[in-house]
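# Structure assessment
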Amino acid sequence: MNNSRSVLILLIIWAGFIQTGYGQYSQLQKRDSLVADYPYKFPILGSKAYERGFNIPYPAGGMFNYFVAKQDIDIREISLAFNDSESLDLTELLEFGTVNARATSVNVRPDLWVFPFFNVYGIFGKAWAQTEVELTYPVTLKAVSNLQGTSLGFGVTGAGGLGKYFFVVDGNWIWTMMSNFEAPVRSYTFSGRLGRAFKLGKNPDSNIAPWIGGMRIKMGGVTEGSILLNDIIPDETWARRDEIVTNYWNWYDNEATIAQKLIADKVLTPIVNKIDEADGSGVIKYRLRKEPKQKWNIIVGGQYQLNKHHQFRAEGGIIGNRKSLLLSYNYRFGF
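Given the structure is predicted, the values throughout are model-derived calculations rather than measurements. (Residues numbered from 1 in each chain as written. Predicted model: local features only at pLDDT ≥ 70, side-chain atom pairs only at ≥ 80, totals over all residues. Heavy atoms only, no water.)

Right, let's talk about the overall build of the chain for a bit. Summing up its helical and strand segments, the chain has seven helices and 14 strands in all. Counting only residues that meet the buried cut, the chain has 45% of its 335 residues in that class. Residue pairs at least 24 apart in sequence account for 68% of intrachain contacts in the chain once pairs closer than 6 positions are excluded. Total accessible area on the chain is roughly 16,800 Å²; 58% of this is exposed by carbon and sulfur atoms. (Helix = DSSP H or I, 4+ residues; strand = E, 2+ residues; numbered from the N terminus. Buried < 20%, exposed > 50% of the residue type's maximum accessible area, 1.4 Å probe, protein only. Contact = heavy atoms within 4.5 Å. Areas by Shrake-Rupley, 256 points an atom, 1.4 Å probe, with all protein chains shown as cover.)

All right, on to the environment of Trp251 then. Assignment of secondary structure puts Trp251 in helix H5 (residues 241-254). Among the residues examined, Trp251 registers a relative accessible area of 2% and is labelled buried. Taking the C-alpha atoms as reference points, Trp251 and Tyr137, separated by 114 residues in sequence, lie 9.2 Å from one another. Apart from the residues within four sequence positions on either side, Trp251 is in contact with Leu93, Tyr137, Pro138, Ala256, Gln260 and Ala264.

With that settled, the discussion passes to the nonpolar core. If you look at the biggest cluster of nonpolar residues, it comprises 35 residues, and the most contacted ones within it are Leu80, Leu90, Leu94, Tyr248 and Ile284. Those elements that provide at least two residues to this core are strand E1 (60-82), strand E5 (141-162), helix H3 (229-232), H5, helix H7 (268-276) and strand E11 (283-292). A total of five residues in this core trace back to one element, the largest contributor, which is H5. Once residues within four sequence positions are removed from consideration, Leu80 is found in contact with Glu86, Ser87, Leu88, Leu90, Leu94, Val267, Ile284, Lys285 and Tyr286. Counting seven residues, the second largest nonpolar core, distinct from the first, contains Trp113, Ala159, Phe166 and Val168. (Core = buried A, V, L, I, M, F, W, Y, C linked by side-chain atoms within 4.5 Å.)

Before going further, it helps to examine the packing of H5 against helix H6 (residues 258-266). Contact pair H5 / H6: the axes reach a minimum separation of 10 Å and the direction vectors enclose 145 degrees. Residues Tyr248, Trp251 and Tyr252 of H5 form the contact with H6, whose own contacting residues are Gln260, Lys261, Ala264 and Asp265. Split by residue class, the contact of H5 with H6 holds four nonpolar, one polar and two charged. (Axes fitted to C-alpha atoms, helices over the stretch in contact; angles between N-to-C directions. Nonpolar A, V, L, I, M, F, W, Y, C, P; charged D, E, K, R; others polar.)

Right, let's talk about the environment of Arg287 for a bit. Positionally, Arg287 belongs in strand E11. Taking the C-alpha atoms as reference, Arg287 lies 6.8 Å from Gly225; in sequence the two are 62 residues apart.

Under the counting rule described, the total for this entry stands at 12 salt bridges. A salt bridge links Arg76 to Glu291; the nearest nitrogen and oxygen atoms lie 2.8 Å apart. Of this pair, Arg76 sits in strand E1 while Glu291 is found in strand E11, placing the two residues 215 residues apart along the sequence. A salt bridge links Arg287 to Glu224; the nearest nitrogen and oxygen atoms lie 4.0 Å apart. A residue pair is termed long-range when its members are at least 10 positions apart, and Arg287 in strand E11 and Glu224 in strand E10 (residues 222-228) qualify at 63 residues. Three or more residues joined by partner-sharing salt bridges are found here, namely Asp74, Arg76, Glu291 and Lys295. (Salt bridge = Lys/Arg side-chain N within 4 Å of Asp/Glu carboxyl O.)

In this structure, Pro43 follows Phe42 across a cis peptide bond, with omega equal to 0 degrees. Within the secondary structure, Pro43 is located in the loop between helix H1 (3-16) and helix H2 (46-51). For Asn83, which is not glycine, the phi torsion reads 55 degrees and is therefore positive. Here Asn83 lies in the loop between E1 and strand E2 (88-89). For Asn83, a relative accessible area of 32% corresponds to the partly exposed category.

This next bit is on H5. Compared with an ideal rise of 1.5 Å per residue, which puts 14 residues at 20 Å, H5 spans 20 Å between its outermost C-alpha atoms and is within 8% of the ideal. Contact partners of the buried residues in H5: strand E4 (118-137), E5, helix H4 (235-239), H6 and H7. (Expected span 1.5 Å × (residues − 1).)

Geometric descriptors of this kind do not, in isolation, establish any biological role.
This is the structure in structure tokens:
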């Protein structure tokens, strides 16, 4: 046979063994028979797989997701300005303890199986984020930032399997425009999962599929924006303002070099004076280069498929610095 025909048959065979994403693997085997013709245009090669007895999923779907995560952040570079002062690089001056980020998002994800093994989808959602920053030098204080924004993105999923075992590889790119940020934050997520489907009862379309996998997240390195001083200073920091001010001036008078004082006088001293006066007015302008403290973590999860229309999913990041929880509902249909 010619090369093009060989490739086509290979794709059809692969399509027959495809896991349809996060636990939708068909319970049918080749010996089963399907009477009706495959009625949909997508996925491409879907009719060939259907003819060979594989109960592929409905091609289109809409998923609603709730996601919450917590992870530590490393600040690699930081520049600050206060009110109308010039922005100065404080990377060598400031030292940080724990920098912790918590994120919550809800989103919808329309998708289409283009091939039985290849899915494309869009992401549209709302996001909320809280970042806690612990400054340990030259003074010890805590700052908290609460932001919200909207997210847009897209992704692709590749899936395959043999028998009841399956694998899923997924990648997506998301741009989130947060309040007080000058530009969207870009993030890239790559994940892989390996699992097995278990048939439930006599319904060939009903199954449960647990899996285990790994996830890697990469965020856009530079974040720029501005925020009111009062919006990042929590009550516990205001309550400690006398201690903070005293420690700052002890550092300034006894430890700071002339070069450090020149920088501090333009940014840190005005901020400390505002804290001393219990005055939250003033705007901090910032530029940060940051990244997750740990890019990879282990995920475990599973999906319950009631039928070919309805799937329910839960997944948690339980091993690694990042802890996460995903809950979702997926409705699928043909057209």
